[in-house]
Amino acid sequence: MGMKRRSLLGRIAVVGAAGVAGSALTLPGTAQAAAWKKRLTGADLDTNSRWRVAGTDLGIPYVLENGSIGYLFGDTFDTPWPEGPPLPNDWRSPVMLRSAVHPGAAGGVVFDSAARVAGNGRAPEVMHNGHNGIGIDGLWEVTVIPNDGISFPETGRQLISYMSIENWNSAGPAGPHWKSRYAGIAYSDNGNDFIRTPLKWFNTPDNKDPFQMWTMQRDGDWVYVFSVRSGRQDGPMMLRRVRWDRLFYPESYEGWGWNGSNWGWGRPCSPILNGRFGEPSVRRLADGTWVMSYLNCATGNIVTRTATGPDQAWTPEKIQVTSWQEPGLYGGFIHPWSSRKANDLHLLVSKWTRTPDGRSTAYHVSQFVGTV
């Protein structure tokens, strides 16, 4: 596999990233709001000894149909980092671990099972992955990266939005950006085996499609989908919604748009924010507060915003984790059991650090705790 996905992390350029609600700038020494709590994955932890999940990233948490939490990991290995040694190192993606433990417990997140495994044993990937080969419908892909998950207690079904990666090093005006071929949806009716549907939201040849990296949150009958371009490049964040039972029908997705006078649904999408976004994560907290997080790739910080609804104004960025605090950081996925209480925002943060000649020194996921 290519090792270019995170190449931009060590050389983040300071470029304009002002959104609709503005953008915070950070200087060295700025106080961060979130604190490291524990490392969740690694070759030295039970994620490896129990399920052979050693080096991995993302850890996107979402509520399962039974009320516990699933955590979706991206490219996963049984070695500390992607390049080994040794090789081969059991490359898989996506992989899911699960937990019923509240992240605010004294010991933080503790995993209790893995998808497609009865007890302990190797955790396989939960859907087909071409692995530098043929994906679905005869299309070549480097790998399959999860975007987010969602479940529906009415049917017991789970959905995963994902990207089929075309390459990790696509030419762009500001340097290389990784490029998805398309965004897709996979589903499972048993909570373990996910089937990739034929649905595809294709990227554009210039890698500018803003519907590639999705995060999904249900509220009532609607699922709200926030999305950005692949590759952590400058661009808009878009908002769509679809009835929860119509996710497989692209014509049912409604855009949130500005017509020159006002905002409304059922229109072509207008940017709700502009910036250089990493993977977005949006969750509705129990009290109705909407929280958004992402890596601001212009400043190198994981930030959050809040709103009273998905189609309401978002507050300015609040810095949660800085690159001085966690070098090589990305992700920053919001645990759905977070709350507005002090020190009850729980973020899953990835780290991938490397030496100047490209050798990995860390590749894992940690839990950070902050305040909305």
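Definitions and limits used
- Residues numbered from 1 in each chain as written.
- Predicted model: local features only at pLDDT ≥ 70, side-chain atom pairs only at ≥ 80, totals over all residues.
- Heavy atoms only, no water.
- Pairing = 2+ DSSP bridges.
- Helix = DSSP H or I, 4+ residues; strand = E, 2+ residues; numbered from the N terminus.
- Salt bridge = Lys/Arg side-chain N within 4 Å of Asp/Glu carboxyl O.
- Buried < 20%, exposed > 50% of the residue type's maximum accessible area, 1.4 Å probe, protein only.
- Core = buried A, V, L, I, M, F, W, Y, C linked by side-chain atoms within 4.5 Å.
- 1 Å grid on protein atoms, 1.4 Å probe; cavity = no way out; pocket = protein on both sides within 12 Å on 5 of 7 lines; lining within 4 Å.
- Points joined across faces, edges and corners; volume = space filled by probe spheres on them.

**Side note on the pairing of strand 18 (residues 281–284)**
Pairing of strand 18 with strand 19 (residues 290–296) involves four bridges; the strand directions are antiparallel. Paired with Arg-284 across the bridge in strand 19 is Trp-290. Hairpin connection of strand 18 to strand 19: five residues between the antiparallel strands, including Gly-288 at a positive phi of 95 degrees.

**Considerations on the pattern of salt bridges**
Under the defined criterion, the tally for this structure stands at 22 salt bridges. As a salt-bridge pair, Arg-50 and Asp-46 come within 3.9 Å of each other at their nearest N and O atoms. In this pair, Arg-50 and Asp-46 both sit in helix 1 (residues 46–51), four residues apart, roughly one turn of the helix. Here Asp-46 falls in the partly exposed class, since its relative accessible area comes to 36%. The partner of Asp-90 in a salt bridge is Arg-92, with the nearest N and O atoms 3.3 Å apart. With relative accessibility at 17%, the residue Asp-90 sits in the buried group. Take Arg-92: its relative accessible area is 1%, and that puts it in the buried class.

**As for the nonpolar core**
Within soluble globular proteins, side chains that are nonpolar tend to cluster in buried spots. Core analysis: the biggest nonpolar cluster contains 76 residues, and Phe-226 and Met-237 have the highest contact counts within it. Within the second largest apolar cluster, 15 residues are counted, among which are Ile-185, Met-216, Val-242 and Leu-247.

**Observations concerning the layout of surface pockets**
Estimated volume of the largest pocket: approximately 370 Å³. If you trace the largest pocket, you find 19 residues lining it, with Val-63, Gln-217, Arg-218, Arg-284 and Pro-336 closest to the centre. When residues of the lining of the largest pocket are assigned to their parent elements, the largest contribution, four residues, is made by strand 12 (residues 213–219).

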